[in-house]
Amino acid sequence: MRLTDRAAEAIRAFLGVGARPHRQPEQDTRFSFLEHPSAPHDLSRLRGSRSAPGSTRGAASHSRETSSSSVSYLEPSQSAPAVGVQLRDDSSPIKRGWGKFIDSISPTKARRKEKLMVDDDPLDGEEGELVDDEGFFDSAKARARIDIISLLPVELSLYIFSLLDVSTLLSCITVTHYWKALATDDAVWRCLFHAQPGWRIDVEAAHHHLATNTQRQREEALEHSGIPIPGSSARNPRVSISSILSSSLLLPTIFSSSPTPSSKSHRTSFQASKMASRASSADHGDLDDFAPVPLDWKDIFKTRFILEKRWRSGQPKVRQLMGHQSLVYCVKFDRDRIVTGSRDKTIKVWSTQTGRLRSTLRGHDGSVLCLKFDSATSFMVSGSSDGSILAWDFEKGVITRKITKAHAGGVLTLDFDDKWIVSGGRDNSVRVWHRANQELHRVMNGHEGPVNCVILQGSTLVSASGDAKLIMWNIETGEILRRFEGHSRGIACVALTTHRIISGSKDPYMKLYDSDTGACLETVKGHHDLVRSLAVDPNMGRVISASYDKSLKVWDLDSEGKQLKLVRDFPDVHESQIFDVDCDASRIITASYSNVVTVLDFGFDLDTSLFA
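Residues numbered from 1 in each chain as written. Predicted model: local features only at pLDDT ≥ 70, side-chain atom pairs only at ≥ 80, totals over all residues. Heavy atoms only, no water.

### Notes on the packing of helix H10 (residues 186–195) against helix H15 (residues 297–313)
- For the pair H10 and H15, the least separation of the axes is 8 Å and the interaxial angle reads 30°. Considering the angle they form, H10 stands roughly parallel to H15. Across the interface between the two elements, Asp186, Trp189, Arg190, Leu192, Phe193 and His194 of H10 pack against Trp297, Lys298, Ile300, Phe301 and Arg304 of H15.
- Taken together, the residues of the contact of H10 with H15 break down into 6 nonpolar, 1 polar and 4 charged. (Axes fitted to C-alpha atoms, helices over the stretch in contact; angles between N-to-C directions. Helix = DSSP H or I, 4+ residues; strand = E, 2+ residues; numbered from the N terminus. Parallel < 35°, antiparallel > 145°, perpendicular 65-115°, else oblique. Contact = heavy atoms within 4.5 Å. Nonpolar A, V, L, I, M, F, W, Y, C, P; charged D, E, K, R; others polar.)

See below:
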């Protein structure tokens, strides 16, 4: 076991058995990590009077300064809220464990212990020997208080704390001021956040957030002082131990937002140690993909924790968007806008944050049955019951291309990526179009019923049909790679996760398939009528199903991808059949027969803008 792993285990054991935090009498000192204040940042004060590396001060001077310090780890003062480590007795397994750990990292332990156990006063001036005074008793146990963390380099202490689980880390906050500073450090909470399975930060949004805050601080500085000072701020920026280390170029592979290429192997081992310490099976990616340190990671962790609790307990804020004159067939959204298509032949764009109607787009001669958009390029495609496909610049609200006879019948489904647009229609065909110019590339025939859903993923396409079959295609060659069977009635929807395909049918079952072998891993009956639409949050392994039985259900895909577990049911949110559903980390949005768009917002009153 590595040194840092032994340290983390020792901290857990110490907090569980050996530590007794100081408590003020007649006060409720119960602690919640949702409420604790920010950590102090004066490292020299937090460490007490511990000599800096290279200091030549003597042991006696060190002892006297320590006794007068406001925070001490050898003899904690009564006025400070800090505590020392009180070892129970010589036979205590915790004492033996700490002793072994101290031995492993401190070759001068014996010499340090001798300094701790010897005072200046008990020396007999004439004989130069210790006075054997039977009237004075000095307990070795009372003097055996030592804070090993304060004796380590700050970088190593932070690394050890980054290996701890949440409950242990929160317990560390109550030990001493210095431990509190370490346990509330941004770098530690950053590691803890990314160690949670499925928790992700939108790195682009994080950089935008930092740039916006920096600009706001500069504007406030100019407003208050009237003097344009580049980089100045009207308020003190957030300071943490790791930010100090990062600014001084210490330990860049752990705390820098832009690790050097030469540190690749170190980053990999660091990440692996975090994963192992939390027994997490999630793939956290490389540290280069992590958002930068200057964010308030403790607050971000708290926000995400509350958000996940609301998902589990089923506590969203529900609101309805009304504006369509007929039933709403399709809905897609991102963090800025919701786009819906309706039987009233219109496409409406709404604000995701406020629900305000932004614009109404017209161009189809029939019901708008399907659509998809890309905010980064302002590109959108929509399909209609009139058989047409329209390409839009939806920021300008203009049609850039109209394909009048895309299918011989209604266009039931659409998907696209950077290269291709794929459509499925009532004519039983799947058609592939060039995204750049919307020219037809290939027609793929293989289904014996209407193609109700297509999903594009790389060079692979999966289509679902009313013939009760799923087909996996190679989009480059048009070759059928695999057929998936098992449903007894038409398949209305399909969703993809890593190596898994999920389908919903009128039978009314959901099936989970292995996309590599074609094997059906599980059949689930959760709805009582047609499973009309599926949405997936691939980061969390969360699946949302919507049905004609007017209910929404939230499922978790287990870590092995072999089982769907029902987490939450929303049977009373809708008054009519649900046609479409979409989701992200904080919302579920549906389109239904009752002309309304329903938003289930689990992130109300929270800033969820950074979550991917």
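### Overview of the pairing of strand E25 (residues 564–570)
- In this structure, strand E24 (residues 552–557) lies alongside E25, joined through 6 bridges in antiparallel fashion. Along E25, the bridge assignment pairs leucine 557 with leucine 564. (Pairing = 2+ DSSP bridges.)

### Digging into the packing of aromatic side chains
- Under the defined criterion, the tally for this structure stands at 14 aromatic pairs.
- The lysine or arginine in question, arginine 304, covers the ring of phenylalanine 611, its NZ or CZ lying 5.2 Å from the ring centre.
- Lying across the ring of tryptophan 311, arginine 542 places its NZ or CZ 4.0 Å from the centre. (Phe/Tyr/Trp six-rings, centres within 6.5 Å; stacked < 30°, edge-to-face > 60°. Lys NZ or Arg CZ within 6 Å of the ring centre and 35° of its normal.)

### Re H15
- For H15, which comprises 17 residues, the first-to-last C-alpha distance of 24 Å matches the rise-based estimate of 24 Å (1.5 Å per residue) to within 8%.
- Inspection of H15 places Trp297, Lys298, Ile300, Phe301, Thr303, Arg304, Leu307, Glu308, Arg310 and Trp311 among the buried residues, and these make up the whole buried set.
- Where H15 is buried, its residues meet helix H8 (166–172), H10, strand E23 (542–547), E24, E25 and strand E27 (587–592).
- At the C-terminal side of H15, glycine 314 shows a positive phi close to 70°. (Expected span 1.5 Å × (residues − 1). Buried < 20%, exposed > 50% of the residue type's maximum accessible area, 1.4 Å probe, protein only.)

### Details of the sheet that holds E23
- Read from one edge to the other, the open sheet built from 4 strands follows the order E22-E23-E24-E25, with strand pairing classed as antiparallel. Sheet topology places strand E22 (531–537) and E25 at the edges, where each strand pairs with a single neighbour. Recorded for the sheet is a direction-independent mean angle of 25° between the axes of neighbouring strands.
- Pairing analysis gives 5 bridges linking E23 to E24, with the strands arranged antiparallel. Looking across to E24, one finds that arginine 542 is bridged to aspartate 556.
- Along the sheet face, H15 touches E23, E24 and E25 and points at about 85° away from the line of E25.

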